[in-house]
Amino acid sequence: MEDVLDVYHRPYDPRYPVVCMDETSTQLLADARPPRPVAPGLPTTIDYEYVRGGVRNLFLAVEPLCGWRQVTVTAHRTKIDWAHFMRDLADHRYPAADRIVVVLDNLNTHGPASFYEAFPPAEAWRLVQRFEFHATPVHGSWLNIAEIEFSVLARQCLSTRLPDHETLVGEVAAWTAARNRTATPVDWHFTTADARIKLKRLYPSL
């Protein structure tokens, strides 16, 4: 925990950008019947019945100090999907960075080994050298700022029925572009000193 909190209080350095990443799933739901008003002049009514269209995975990365976000929709959440998402960050968003400092959880697909499953050894090693990983503790995923962004995404974008993959991709892209235009940074206040007081019960007794 203190390791992650220390990362959050590093001064901004474009050579070592701090990025938080996480992933979640969302269900594709289509209306069984077209929405329509129950009578002329009344608001449109959405039928409670829906048609399931499968599940999609969303990878999200956020740079808290710059207010930049990226969300990628994939059909699966395998190690290979994660590796390609991270390579895209390294080569397109941060090509000039010496190392990308990443805060993430302990999911089994998150880690250097995934690069070796997705790419040849030389490419995998190149990517391993581009990243510095800091994992949140077990049951401590709330320390990942990416979860804050997912909460906003869920309220502003995913709270309505999205019937298919293309619609989901379009809505997520529009949400991401709008968030990035405002470039609102995340002002994290919780420190190691706070943790040692408020979460004292989690520390061993000497």
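Residues numbered from 1 in each chain as written. Predicted model: local features only at pLDDT ≥ 70, side-chain atom pairs only at ≥ 80, totals over all residues. Heavy atoms only, no water.

(A) Layout of the packing of helix α2 (residues 79-93) against helix α4 (residues 121-130). Remark: α2 packs on α4, axes separated minimally by 11 Å, with the N-to-C direction vectors making an angle of 70 degrees. If you check the angle between α2 and α4, you find them roughly perpendicular. In this structure, α2 meets α4 at a crossing whose hand is left-handed. Along the contact surface, α2 presents R87, A90 and D91, while α4 presents E123, R126, L127 and R130. Its residues placed into classes, the contact of α2 with α4 shows 2 nonpolar, no polar and 5 charged. (Axes fitted to C-alpha atoms, helices over the stretch in contact; angles between N-to-C directions. Helix = DSSP H or I, 4+ residues; strand = E, 2+ residues; numbered from the N terminus. Parallel < 35°, antiparallel > 145°, perpendicular 65-115°, else oblique. Left-handed = near helix turned anticlockwise from the far one by under 90°. Contact = heavy atoms within 4.5 Å. Nonpolar A, V, L, I, M, F, W, Y, C, P; charged D, E, K, R; others polar.)

(B) Representation of α4 in the model. Taken residue by residue, α4 has E123, A124, L127, V128 and R130 as its buried positions. Take α4 and look down its axis: the buried residues cluster within an arc of 160 degrees, on one side only. Turned more than 90 degrees away from the buried face of α4 sit P121 and A122, all of them exposed. Where α4 is buried, its residues meet α2, β6 (100-104), α3 (112-118) and β7 (131-135). (Buried < 20%, exposed > 50% of the residue type's maximum accessible area, 1.4 Å probe, protein only. Arc of directions from axis to C-beta.)

(C) Region of interest: the environment of A178. With respect to the secondary-structure elements, A178 resides in helix α6 (residues 165-182). Sequence-wise, A178 and F131 are 47 residues apart; in three dimensions their C-alpha atoms are separated by 28 Å.

(D) Summary view of the sheet that holds β6. Taken in spatial order, the 5 strands line up as β5-β4-β1-β6-β7 in an open sheet, and their pairing is mixed. Looking at strand neighbours, the two that pair on one side only are β5 (68-74) and β7, the edges of this open sheet. Along the sheet, successive strands turn relative to each other by an average axial angle of 30 degrees, direction set aside. With 11 bridges connecting them, strand β1 (residues 18-31) and strand β4 (residues 50-63) associate as antiparallel partners. Bridge pairing in β4 links S25 to N57. (Pairing = 2+ DSSP bridges.)

(E) View of the nonpolar core. Grouped together as the largest cluster of nonpolar side chains are 31 residues, with contacts concentrated most on L58, L158 and V172. Elements represented by at least two residues in this core include exactly α1 (2-8), β1, β4, β5, β6, α5 (146-156) and α6. Excluding residues that lie within four positions of it along the chain, V172 makes contacts with L58, V71, V73, C157 and L158. Counting 22 residues, the second largest nonpolar core, distinct from the first, contains A61, L104, F119 and A124. (Core = buried A, V, L, I, M, F, W, Y, C linked by side-chain atoms within 4.5 Å.)

(F) Focus on unusual backbone geometry. Despite not being glycine, H139 shows a phi value in the positive range, around 65 degrees. Its identity is not glycine, yet A183 carries a phi of approximately 50 degrees, on the positive side. We classify A183 as partly exposed; its relative accessible area is 35%.

(G) Representation of the pattern of salt bridges within the structure. Throughout the structure, instances matching the rule amount to 10 salt bridges. Here R15 makes a salt bridge to D13, at a shortest N to O gap of 3.1 Å. Between R126 and D91 there is a salt bridge; the shortest N-O distance is 3.0 Å. Of this pair, R126 sits in helix α4 while D91 sits in helix α2; the two residues are 35 residues apart in sequence, bridging distant segments of the chain. Look at R126 and you get partly exposed, because its relative accessible area is 29%. The class of D91 is partly exposed, set by a relative accessible area of 29%. Salt bridges linked by common partners bring R87, D91, E123 and R126 together as one network. (Salt bridge = Lys/Arg side-chain N within 4 Å of Asp/Glu carboxyl O.)

(H) Geometry of the confidence of the model for the protein. Residue-level pLDDT values for the protein average 91, and 99% of them are 70 or greater. Within the protein, the lowest mean pLDDT, 73, falls on strand β3 (residues 44-45), and the highest, 98, falls on α4. (pLDDT = per-residue confidence, 0-100.)

(I) Region of interest: the side chain of E149. Position of E149 among the secondary structure elements: in helix α5. Classification of E149 as buried rests on a relative accessible area of 1%. Within the local environment of E149, its side chain forms a polar contact with the side chain of R69, the two groups lying 2.9 Å apart. (Polar contact = N/O pair within 3.5 Å; in protein donor to acceptor, adjacent residues only side chain to side chain.)

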